[in-house]
Each structure stands twice: as structure tokens, then as C-alpha cells.
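Notes for the structure review
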Amino acid sequence: INMRNLIKFNVLLFVIASIAASCNKEKKEEISPISGKGIFILNNGNWNSNDACISFIDASTGATTTSAFETVNGIKLGDLGQDMYKAADGKIYIAVSNSKTIFITDSRLKLISSLQLDYSPRAFASDGKDVYVTLYEGYLGRIDNNAGQWKLSTTKVGPNPEGVAIADGKAWVANSGGYVTDGNGFNIYNNTVSVVDLSTFSETSTVTVNTNPKDVCAFDGYIYVSSLGNYYDIPAALQRIDPSSSTVADIDIDVPYALACDGKRLAVLCTGYDADWNLIPGCIYDIKSGEAAPELLCSGIENAYSISLGKDGDSFVGTSDYRTEGKVILIDAKGAQLDSFESRGINPIRVVDAR
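The paragraphs below set out a description of the structure included in this document. (Residues numbered from 1 in each chain as written. Predicted model: local features only at pLDDT ≥ 70, side-chain atom pairs only at ≥ 80, totals over all residues. Heavy atoms only, no water.)

1. Digging into a nonpolar patch on the surface
Stated precisely, the cut-off is as follows: Patch rule: a residue counts if its relative accessible area is over 30% and it has no salt bridge; like charges are joined within 9 Å, and nonpolar side chains (Val, Leu, Ile, Met, Phe, Trp, Tyr) within 5 Å. Here the open area of atoms and residues is found with the Shrake-Rupley method and a 1.4 Å probe, where only the protein chains shown may cover a residue. Counted as salt bridges are all cases of a side-chain nitrogen of Lys or Arg within 4 Å of a carboxyl oxygen of Asp or Glu. Helix and strand assignments come from DSSP, with helices taken as H or I runs of at least 4 residues and strands as E runs of at least 2, each series counted from the N terminus. Partly exposed residues are those whose accessible area sits between 20% and 50% of the maximum for their type, while under 20% is buried and over 50% is exposed, using a 1.4 Å probe and protein chains only.
A cluster of nonpolar side chains, contributed by Tyr 231, Tyr 273, Trp 277, Leu 279 and Tyr 322, occupies part of the molecular surface with about 580 Å² of accessible area. If you trace the backbone, Tyr 231 turns up in the loop between β17 (222–227) and β18 (237–242). Given the relative accessible area of 46%, Tyr 231 is considered partly exposed.

Next up, the structure:
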């Protein structure tokens, strides 16, 4: 073979090898560790530890992908994963409070966009069009996507807002006042819910509720609010607001801690401490449509920390001792424990469906 033909032959081999490598690379990039049906678990992490993470549990195999967000995107989630919300279009919104970041991903956690904020995001809600988020510095944010350009607009609400619910063109925002002090280091908790008109995106009124409101849910024509009290002489409470009159009614339930709702169901996780600061085992109540009295679903959940709703009346309860990796307990509509998963992170705070 002459030198010219040898060069041509080597060039041809190089081209073939390059094409093969490119195809293999593309094939490799198409393979995701997140496939099939299952659940995503957002682990809150510890304060200032940069250890928030998301785990994926495969429903068909039971296999767990630890730090799934980092595995898919090559970056850490950050410090204090606060909330995770799956919108109707399948996009997933992740609030990382201490890192002041909102991540927006596809249904398989592949990063679409991230918003670096001057605020600490806390909780999400949606009106079916836009996604709203509370910002702990005293604002409600609206996340807009205009031709792929993700932006955040804000409006002022009360101090240190936590939960938010959307109903009938209004946002109901729980103002906790959790970081307000009297100058001597004692908290001055707030006791209001801001009502924000979404058409003008401005606060129009406030409703007085129990001290230190945390979670808010719109259900059965009412706005339900769980408040934590002042951890001393004002106990936690569950209340509901009639949006037509702004009147507030108490619901007879002890130590409500967290709410979860999906439009069809409202569940209340109750847990707290007794007079001697012993942890009270958690229980779940269902608020039935048209009824003020809750129905006990199950009780005796050790180290209950969070609640999320699944399909067909299932509940996911995250458990935590604040030191070691937590668990997520799957409870069916009749209150029976179906399964338990290692969360593979500290403080599992939210579970969303992955499919």
C-alpha cells in the first residue's frame, strides 16, 4: 500500500472511530438513573451543612438512587431543601432556603433553570398557570416563564411567611414572624394570614389567626391554617377561614404540626412535645369534605416530621431525629403501614410522585 492510500485509510479509521465514539456518548447521555415510576424524597438537611439532597425510590425494584439531583446534574442541591412541588406540566420546583435558590427541573430532575435570589424561598403553590413561592424576608413571589426566560416578581406580605394556598384568584399566606424578636432575644411571633389579589398582585387584607401560622391549604371552600403557637403558653392550633367573610373557626384537634392537601383531600399531621418536653408520637387526621370534625387515620408514628400525599389516598410521613438519616413511611387510605423507605438524607421534608 502506498503512503497516500495509507493516509487515506488512517483518516477513514479516525472518522469511523469518531462517529462511533460520538454515538456511544450520545447513547450514554440518554441513559438516566431516574427511570420508571417511583417517588422523589427531598431531604431538608442540617442548617449550614450544605447537605440537602433528593433521593429517588424506584417503585418496581425498590432500588434507591441517593443524591439523585446531584447524580443527574453534577451539582449539589445546597443548604436546607425547604419544599419541592410538581406542577401540572410535570416540571418540578425545588426551594433551597439557606442557599437562596430555586431550581426548576423536568420530571426526571434534569435541570432546566435556576433562580439565584436575594430571598429565602419557603413553600410553593400554584393557580394552574403560575407558580407562587413564599420568601422568608417578607414577600410572596410569582415565577414567570416568558419565552424560556424565568423571572421572579414579588409583592410585600407579612413577616417571615411560611405556607401559601391559592383559591379563587387569591393567595393566602401564613405570616409566622419566626425571626422577629423584641430586642432581648425573645420571639414576637406573628398571627396573620395575608390575602393577596393575584390580578393586581398586591396584599388587600389580613386575617388574624393563632400565633405562628405555618401551613395553609385550600380545601372544600375553606382555607385551613395550622399554627405552632409560641411553644410556651399559646398552644398549636388548627383553624379554618371562610374566605367569603374572613371569619375564623377552630377545629378541635391537638398539636397540629403540618398540613398536606391535593384538592381532593386534606391531611393533618399532629406531633409535638408534652409539658416535660417529651416528643409526642405522631398521628394523622383526615379532614372530610363538608365536616368540621377530623377523622383519625393512624397514630403512634415515632419521630414524625413531615407529611405528603400520594395516589389513591396514600400518605407519606417523613421521620427524623435531626441527627441521622430519616425514613419515609407509606400509609394507605385505611391507615395501614404499607412500606418504609430509607430517605438517604437528614430530615425528609417532602415527597412527590415520579413517573
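Now that the structure has been shown, we can carry on.
2. Digging into the packing of aromatic side chains
We describe a pair of aromatic rings using the distance from one ring centre to the other and the angle between the two ring planes. Stated precisely, the cut-off is as follows: Each Phe, Tyr or Trp ring (for Trp, its six-membered ring) is paired with any other whose centre lies within 6.5 Å, and the angle between the two planes then decides the class: stacked below 30 degrees, edge-to-face above 60, tilted in between.
Applying the stated rule across the entire model yields 12 aromatic pairs. Taking the centre distance of 5.5 Å and the plane angle of 45° together, the rings of Phe 40 and Phe 56 count as tilted. A residue pair is termed long-range when its members are at least 10 positions apart, and Phe 40 in strand β1 (residues 38–43) and Phe 56 in strand β2 (residues 53–58) qualify at 16 residues. Taken as a pair, Phe 40 and Phe 56 share a single burial class, namely buried.

3. Remarks on unusual backbone geometry
Not every positive phi belongs to a glycine, and Leu 80 is a case in point at roughly 70°. Assignment of secondary structure puts Leu 80 in the loop between α2 (68–73) and β4 (81–86). A positive phi angle, close to 65°, is found at Tyr 231, a residue other than glycine.

4. Focus: the pattern of salt bridges
Under the criterion given, the structure shown has eight salt bridges. For Lys 91, the salt bridge identified is with Asp 89, shortest N-O distance 3.3 Å. Note on Lys 91: relative accessible area 22%, which makes it partly exposed. Given the relative accessible area of 52%, Asp 89 is considered exposed. In this structure, Arg 122 and Glu 162 form a salt bridge, with 3.0 Å as the shortest nitrogen-oxygen distance. Of this pair, Arg 122 sits in strand β8 (residues 121–126) while Glu 162 is found in strand β12 (residues 161–167), placing the two residues 40 residues apart along the sequence. Residue Arg 122 shares its accessibility class with Glu 162, and that shared class is buried.

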